Amino acid sequence: MCSIQAQAEITQMTSSGLFSQKLLLKPSEKRSLETVWKRVGTLKKRNLAGDWRNHWAGNAIKTYKYNVLTFLPLNLYEQFKRVANLYFLVLLILQIIPDIATLPWYTTLIPLVVVLGVTGIKDLVDDLARHRMDKEINNRKCEVLLDGRFQESKWRDMQVGDVVRMKKNDFIPADILLLSSSNPNSLCYVETAELDGETNLKFKLGLRVTDERLQDERQLAEFNGMHALIECEEPNNRLDKFMGTMLYEGKRYPLDLDNMLLRGCKIRNTEVSHGLVIFAGADTKIMKNGGKTRFKRTKIDELMNYMVYSIFVLLILVAAGLAIGHTYWYEAIGSKAWYLFDGKKQDSSYRGFLMFWGYIIALNTMVPISLYVSVEVIRLGQSKFINWDLQMYFLEKDTPAKARTTTLNEQLGQIEYIFSDKTGTLTQNIMQFKKCTIAGRTYTTTCKPTGDKNWNQYADRSFQFVDHSLVECIRSGKDKDVNEFFKLLSLCHTVMVEHKDDGLVYQAASPDEGALVTAARNFGYVFLSRTQDTITIKEMEEERTYEMLALLDFNSDRKRMSIILKFPDGRIRLYCKGADTVIYERLSPKSRHKETTQTALDIFANATLRTLCLCYKDISADEYEAWSELHQEAQVAMSDRDAALDRVYEQIESNLMLIGATAIEDKLQDGVPETIAKLAMADIKIWVLTGDKKETAENIGYSCSLLTDDMQIHYGEDPATYRRGKKKPAEAFFPEPGKNALIITGGWLVIFSSFKIIDFVDMACECEAVICCRVTPKQKGNVVSLVKKYKKAVTLSIGDGANDVNMIKTADIGVGISGQEGMQAVMSSDYAFAQFRYLERLLLVHGRWSYIRMCKFLRYFFFKNFAFTLVHFWYSFFSGYSSQVAYEDWFITLYNLCYSSLPVLLVGLLDQDVNDKLSLKFPKLYLPGQQGALFNYKNFFISLFHGIFVSLVIFFIPYGAFLQTMGQDGEAPSDYQSFAIVTASSLIFTVNLQISLETSYWTFVNCFAVLGSIAIYFGIMFDIHSAGIHVIFPSVFTFTGAASNALRQPYLWLTIILTVGISLLPVICIQFLHKSIWPSVGDKIQRNRKKYEMELLQEEKKKKAPAFERGRRSRRSAYAFSHSRGYADLISSGRSIRRRPAARGIFQESIREVPQTAAENI
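Residues numbered from 1 in each chain as written. Predicted model: local features only at pLDDT ≥ 70, side-chain atom pairs only at ≥ 80, totals over all residues. Heavy atoms only, no water.

Caption draft 1: Quick look at the nonpolar core. Leu371, Phe857, Leu858, Phe862, Phe891 and Leu987 are the most contacted members of the largest nonpolar core, which has 95 residues in total. Discounting chain neighbours no more than four positions away, the residues touching leucine 987 are Ala867, Phe868, Tyr887, Phe891, Tyr895 and Ile954. (Core = buried A, V, L, I, M, F, W, Y, C linked by side-chain atoms within 4.5 Å. Buried < 20%, exposed > 50% of the residue type's maximum accessible area, 1.4 Å probe, protein only. Contact = heavy atoms within 4.5 Å.)

Following this line, the structure appears as structure tokens:
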């Protein structure tokens, strides 16, 4: 075995300074590590592997929370951090104390164990799955360069600095710098599904120097003996960015994300790849993204918590009052009655103190222990209904709706503001070349094109734009501007091409980019291939290759892209395309056709088209050489590299000459106008936040019915108009009657600091529609947070791209659309589906139903607990305030678990006041949710007083019936046990029939639950009152024969019937009067339900007319340049998707790359 010393240096910049670390891999069977630390010229050595492991993360991962020893203590600790669970634990401890125990310990222990057990089992199942996943991942195999050759090693044993070899379909074990691959120019395809949910392929490229020298095992082993210093950023969670440099043989090379293979990705279409481990284990980007996300809570959650706290305060006050009552009672009566003497020498105050804790125990059911578990069960069921809804299933892409959270369903029924992206959300994000203007002349599709259709063998047959005059102009070659226009489109881009089945397949970073290159292709300027420094196109019948000197890529701040080319005749020219706002600022004073092009742009705006300006600049050789030096310095900058590059780009992109502009159509999605109109009828205000310019945004607003002709449009170009603010808090910004809409730009939002932000929010919220154009992703999130902060409104954000993630995470509810821009929005969302139109059903049907169900559940849950618990309160007045309970112990234990839980759970899962079709037909049904009318403190106190009334009836009617009565057989069943059975039976009948009165939608399951709960009560009661169980557990089951003795008395059954009737009669009367005299919108619709259902059937038979016909209005949308950061960094960094051929006679296949399409609007 040859003796080879492998060493690699990795440097990380941390906040405290720049450190460099050297790894020495020696030819021993066991790896030894020598670390060398450098900082500010000082040198310190440590020769311990432990130092290495302590500073750098190993590659083993740990996502599980528990092990065998820690599961029970940690899980219980987490559960007892919840106030309700901790409260019942304290109660359980109090029940062990003999002096204050008024109930057996099992009455609290059994419900508490059930709640803790259900939650613990769920946590255990989840953690076991994480254990299995961690074990499977850590034990995966990978080839690592050890002792001069590749040896199989487990992932968990890998370390930073290892050279690894990966093969096709292997998962990438760490964050690795790509050194070389079996593909030309070290191209490596990866699938990033585990990172961003996208299944399309991305490609990565190694540096030219490593590609040329590090292809086989011997070269890699020799490379380890050389010095390569890598400086990079510290570990972070940014999946879209990596910055570093490699110093190799005295030359510094820039490193970015395009050179990195990230852990979690999968190697595709690449036989072998080699790389150097940069980040391992917990330091990798995918693991850094595994942190906890911000937990979203609903308004009902917050209100419910406050109500539980209110109940707890009420419990303390009631217990304190009864304890004081016991103190006075014992002083006046108890201490003087010899038959009440218990042998304890305790004064009245001390006894009152003990009674306080006794009543805390006896009345503990006022605080509902099963409330939170029941709520989670209901939410889980509601989420499943959303997932199973076939009317939200998109057949074309086989995409169902997906509730990615189970905690926000009822909040869908309370939305007040919707914040929507435009491109890909309201529109299809499928671009078609429609018009163009060249040197002041506009070209558009002719109705009846003539001439030879087959003059261009590379034409895309699906291309729809045809202008015969333009074709003739190109073929004649007489108009230089026209030829320059399409030459620019074929050269200035970052599109990748694949030759497949004698055809060309373009893969672009955005739909706009692909549409423009396809347009050039169809007019005779065909993009054929590219290498790291050349682009080859076919100009009509002549193939030409241009040397690419620099590629200045697009980003959301630049809003343009440029390419610098050296022509075959030696000329150097810069081509640029971008937004009109940035292009016009950089035009030369000598540029022609500015006014005519601007006029054409306005015309395109009226046709709802997205526009792009094209221009060029000739550069001298000296000017380019001077600029190139600055460009090289900016490329290897380790701090603010992007800003440095932007400054350099700005220097060369000036004094441009305008050629013309393009116009692309992005059609609306199906059903968008109808959906927006329906949501507006539900009093939901819709804001569109887009990167497009004002004309585009405004006219798309008209086309999708967001803006209507009866609206007064207010523009925000002049902030001074609104800077004065409101004179009085109650004064409206728009006192005139009628509808208002506001259109503002992102630049206008920047001046918030110069006047009150609250004034802007108030002004915007007075409008029925708001459009914010030219906004950045950060501004989108800021706008959402402003409305949340100052209006306390429930907000929903919906988008389809990576630029929408900020506002999706900021809003109370985030909705992702799985469209043309990848899956990043979906991965960050709470709910996801494929089309904007499904938002109507999500809110008006599922959201409204979920809200109504949850409100009914909570109102009834509080009522039944008050009615159950307060019987003890009335009983205390007749028991000397002695904290004696009114029911049997086992009834108290099983009341919430078995006797009254199932009917209310089913109401929370299945109830509906009207069906889905009527919910959509009458959007006004949504208003109660926005107003929070169905569950608030008013409803809480109504439930409280309803519970007080029922508890009074349940106690005092049986009390009166038992007072001075005689049984049919001469016996007197007026004992405590018989009284407890009658009150308990009355309570069970009352609460189960009460929920029947609240149920709007009856099914067999509901009926079975109500009758079954009553049957379960009687079945269990007769069992635990039997003599057989008393013989087995004499001290636990003490009501032997009480049920059979009491319930064989007819007058006790009459007492139960009377009690139940009086308890329910007021509710029946109030409901009747309310629906007859003060009916709600829902009551009116329910009353005429059959009539409306017949109308719906008739409407479905009729063919619906389209809500919008393009061209019907004179105003339509205008401008856009929606584009993601392209492949310029890969191309200009010296990499290519194919090697340059020595001679090119036929097309050579370049490797296809499916781009990352998470486009960000400007």
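Caption draft 2: Layout of the environment of glycine 1028. Considering the arrangement of structural elements, one finds glycine 1028 in helix α35 (residues 1027-1032). For the pair glycine 1028 and threonine 1040, spaced 12 residues apart in sequence, the C-alpha to C-alpha distance is 9.0 Å. (Helix = DSSP H or I, 4+ residues; strand = E, 2+ residues; numbered from the N terminus.)

Caption draft 3: Inspection of the side chain of threonine 893 at higher detail. By secondary structure assignment, the location of threonine 893 is in helix α28 (residues 889-899). Taking the relative accessible area as the measure of exposure, threonine 893 reaches 2% and is therefore buried. Separated by 3.0 Å, the side chain of threonine 893 and the backbone oxygen of aspartate 889 make a polar contact. Excluding residues within four positions of it along the chain, threonine 893 makes contact with Tyr106, Thr107, Ile110 and Pro111. (Polar contact = N/O pair within 3.5 Å; in protein donor to acceptor, adjacent residues only side chain to side chain.)

Caption draft 4: Just the sheet that holds strand β17 (residues 402-403), in detail. Pairing within the open sheet is mixed, and its 9 strands lie in the order β17-β36-β35-β34-β18-β30-β33-β32-β31. Edge positions in the sheet fall to β17 and β31 (711-715), since each has one partner strand and no second. (Pairing = 2+ DSSP bridges.)

Caption draft 5: Main features of a negative patch on the surface. Side chains of Asp622, Glu625, Glu629 and Glu633 sit close together on the surface and give a patch of like negative charge. Along the polypeptide, aspartate 622 turns up in helix α17 (residues 621-635). On the basis of relative accessibility, which here comes to 64%, the residue aspartate 622 falls in the exposed class. (Patch = residues over 30% accessible without salt bridge, like charges linked within 9 Å, V, L, I, M, F, W, Y side chains within 5 Å. Areas by Shrake-Rupley, 256 points an atom, 1.4 Å probe, with all protein chains shown as cover. Salt bridge = Lys/Arg side-chain N within 4 Å of Asp/Glu carboxyl O. Lys, Arg positive; Asp, Glu negative; His and termini not counted. Charge placed at Lys NZ, Arg CZ, Asp CG, Glu CD.)

Caption draft 6: Quick peek at the sheet that holds strand β7 (residues 163-167). Spatial strand order, β6-β5-β7-β16-β8-β14: 6 strands in an open sheet with antiparallel pairing. Pairing within the sheet leaves two strands with one partner each, and these edge strands are β6 (149-154) and β14 (260-261). Pairing of β7 with strand β16 (residues 272-279) involves 5 bridges; the strand directions are antiparallel. Paired with lysine 167 across the two strands is valine 272, which belongs to β16.

Caption draft 7: Looking closely at unusual backbone geometry. Positive phi values are uncommon outside glycine, yet aspartate 683 reaches one of about 65°. Assignment of secondary structure puts aspartate 683 in the loop between α19 (672-681) and β30 (685-689). One non-glycine residue, lysine 792, adopts positive backbone phi at about 50°. Here lysine 792 lies in the loop between α24 (777-791) and β34 (795-799).

Caption draft 8: Seen up close, the pairing of strand β20 (residues 441-444). With 4 bridges joining them, strand β19 (residues 427-438) and β20 adopt antiparallel strand pairing. When the sheet's bridge partners are listed, lysine 435 is paired in β20 with threonine 444. The hairpin turn running from β19 into β20, its antiparallel successor, is 2 residues long, and alanine 439 in that turn takes a positive phi close to 55°.

Caption draft 9: Here's a closer look at helix α16 (residues 594-606). With 13 residues, α16 ought to run about 18 Å at 1.5 Å a step, and its terminal C-alpha atoms sit 19 Å apart, in line with that. Residues of α16 that are buried include every one of Thr597, Ala600, Leu601, Phe604 and Ala605, and no others. Across the axial projection of α16, the buried residues extend over an arc of 150°, all falling on one side. Positioned one or two residues after α16, threonine 608 has a phi angle of 55°, which is positive. (Expected span 1.5 Å × (residues − 1). Arc of directions from axis to C-beta.)

Caption draft 10: Expanded view of the pairing of β16. Across the 8 residues that make up β16, a large majority, 7, are buried. Note that strand β8 (residues 175-181) and β16 share 6 bridges and pair antiparallel. Within the sheet, the bridge partner assigned to serine 180 lies in β16 and is histidine 274.

Caption draft 11: Fine view of the layout of surface pockets. Estimates place the volume of the second largest pocket at around 1500 Å³. For the second largest pocket, the lining is made up of 39 residues, of which Arg859, Leu934, Glu998, Gln1071 and His1074 are closest to its centre. Where the lining of the second largest pocket is concerned, the elements lending two or more residues are α27 (838-876), α31 (927-931), α32 (937-962), α33 (976-998), α37 (1050-1077) and α38 (1081-1087). The dominant element in the lining of the second largest pocket, judged by the number of residues it contributes, is α27, at 8 residues. A breakdown of the residues in the lining of the second largest pocket according to their chemical character gives 17 nonpolar, 13 polar and 9 charged. (1 Å grid on protein atoms, 1.4 Å probe; cavity = no way out; pocket = protein on both sides within 12 Å on 5 of 7 lines; lining within 4 Å. Points joined across faces, edges and corners; volume = space filled by probe spheres on them. Nonpolar A, V, L, I, M, F, W, Y, C, P; charged D, E, K, R; others polar.)

Caption draft 12: Examining the pattern of salt bridges more closely. A complete count under the given rule lists 38 salt bridges for this structure. Close ionic contact of arginine 544 with glutamate 542 constitutes a salt bridge, the shortest N to O distance being 3.3 Å. One salt bridge in this structure joins lysine 788 and aspartate 812, with 3.9 Å as the shortest N-O distance. Note that lysine 788 is positioned in helix α24 and aspartate 812 in the loop between α25 (805-810) and β35 (813-817), a separation of 24 residues in sequence. In the salt-bridge network here, residues are joined through shared partners; they are Arg560, Glu585, Arg586, Glu650 and Glu653.

Don't take any of this as a statement about function, it's just geometry.
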